[in-house]
Amino acid sequence: MTFPDREQHLLFLEPEGTDTNEMYLNGFSSSLPMEVQIAALKHIPALRDVRVYRPGYAIEYDFFDPTQLEHTLESRVISGLFMAGQVNGTTGYEEAGGQGTLAGINAALKAGYAGCDSVATNHTFELKRDEAYIGVLVDDLVTKGVDEPYRMFTSRAEYRILLRQDDADARLTERGYELGIVKRDRYDWWIKKKKHIEEIEHFCNSFAIKPRLINGTLEALGSTPLQYGCKLTDLISRPELSFEKLVDAIPELKDVLNRPTNRREEISEAAEVRIKYKGYIEREKLVAEKMHRLENIRIRGHFDYENLNAISTEARQKLMKIQPETLAQASRIPGVSPSDINAMLVLMGR
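Residues numbered from 1 in each chain as written. Predicted model: local features only at pLDDT ≥ 70, side-chain atom pairs only at ≥ 80, totals over all residues. Heavy atoms only, no water.

Here we come to the environment of R274. Mapping R274 onto the fold places it in helix α10 (residues 264-276). According to the relative accessible area criterion, R274 is partly exposed, its value standing at 28%. When the C-alpha positions of R274 and I236 are compared, they lie 10 Å apart, and in sequence the two are 38 residues distant. In this structure R274 touches R164, I197, E201 and I281, once residues within four positions along its chain are discounted. (Helix = DSSP H or I, 4+ residues; strand = E, 2+ residues; numbered from the N terminus. Buried < 20%, exposed > 50% of the residue type's maximum accessible area, 1.4 Å probe, protein only. Contact = heavy atoms within 4.5 Å.)

Structure, rendered in structure tokens:
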């Protein structure tokens, strides 16, 4: 019933625990009646004598259309109502947890809580697509809606180089501290880490390497020897080289890497990633900054989409339904073309 066009299908037996004989059959349809499930199982040669403790079961749930939410996950229909998790059409624990975090922060701010004196009571907390995967998740839900349960795949993000796991603290720690949800000790640690990373980067950008001092090491590592002197950054940028491979040949580098008294490997790795991928990171930041310009152009309430004949019929229908907050959000709605965005820019005198 599930795969009528296939002649075979992989199933996986997963033990339910170390002290039980129960197995869960992964990949088997559990939405069928119990007697049908058992009959189907007995058609599998390895399970012809199977005993069923209890049948599998399918889960079906309803959800609210997430296009009726703000980027804070507050309902546009009922002020003060925040929605998070599968009720927004998502599936998965991480997706639910991410939404719950964002909705919880904004619900607290809406109620007048300020964990830090610098946060105004009318403040809202939103994450952009280049700031966090939660930002990608929420923007997709609010802008595009869902036709089937939504999972947060990395392929959905256009700024994956900026959304690395090694720089989550760089992107979010200070913002969390401003909200009062990151404790002072964690914030202080990030400031120290940031300082050490910048010191390593500065050293590599300014330290000059002479060919006669490094070529023996380069040849031993299978890397092209230098003909002329260069900055240490240029060597670290080579794919086959790393701090670990060069540190014994450059005592000054070892001294800089050993200055942190805590989490040295974490700090060294963060600095090395920023040096190696600097060109890619900067290029992606430029693309994100261009999109931010459209994020700053607010359009909700500026257009009567029903009578806006300068854009396509499909774009009018989608814009009337979703009512995007910014031009950037409008550009991500399926059915709204670049020419529609250009027409709206012209109408706004841009």
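Taken as a whole, the largest pocket holds about 780 Å³ of empty space. Taken together, 25 residues line the largest pocket, and the ones lying closest to its centre are M23, Y24, L25, R54 and G56. Within the residue set of the lining of the largest pocket, elements represented by two or more residues are β2 (23-26) and α1 (34-41). Residue composition of the lining of the largest pocket, grouped by class: 15 nonpolar, 6 polar and 4 charged. Space inside the second largest pocket adds up to approximately 680 Å³. If you go around the second largest pocket, you meet 29 residues; those closest to its centre are D167, A170, R274, I281 and K285. Sorting the residues of the lining of the second largest pocket by element identifies α4 (168-179), α5 (184-206), α10 and α11 (278-295) as the ones contributing at least two each. Here the residues of the lining of the second largest pocket are counted per class, giving 8 nonpolar, 3 polar and 18 charged. (1 Å grid on protein atoms, 1.4 Å probe; cavity = no way out; pocket = protein on both sides within 12 Å on 5 of 7 lines; lining within 4 Å. Points joined across faces, edges and corners; volume = space filled by probe spheres on them. Nonpolar A, V, L, I, M, F, W, Y, C, P; charged D, E, K, R; others polar.)

Turning to the side chain of N215, a few remarks are in order. Note on placement: N215 falls in helix α6 (residues 211-220). Other than its neighbours up to four places away in sequence, N215 contacts P225 and L226.

Quick look at empty space enclosed by the protein now. A full pass over the atoms with the stated rule returns 1 cavity of 30 Å³ or more. For the largest cavity, the calculated volume is near 50 Å³. Along its surface, the largest cavity is lined by K128, R129, D130, E158, Y159, A288, M291, H292, E295 and R332. For the lining of the largest cavity, a count of residues per class yields 3 nonpolar, 1 polar and 6 charged.

Position of D139 relative to the elements: it lies in helix α3 (residues 133-144). Overall, D139 belongs to the buried group, its relative accessible area being 2%. A polar contact is formed between the side chain of D139 and the side chain of R129, at a distance of 2.7 Å. With residues up to four places along the chain from it excluded, the contact list for D139 reads H71, R129, K144, Q329 and R332. (Polar contact = N/O pair within 3.5 Å; in protein donor to acceptor, adjacent residues only side chain to side chain.)

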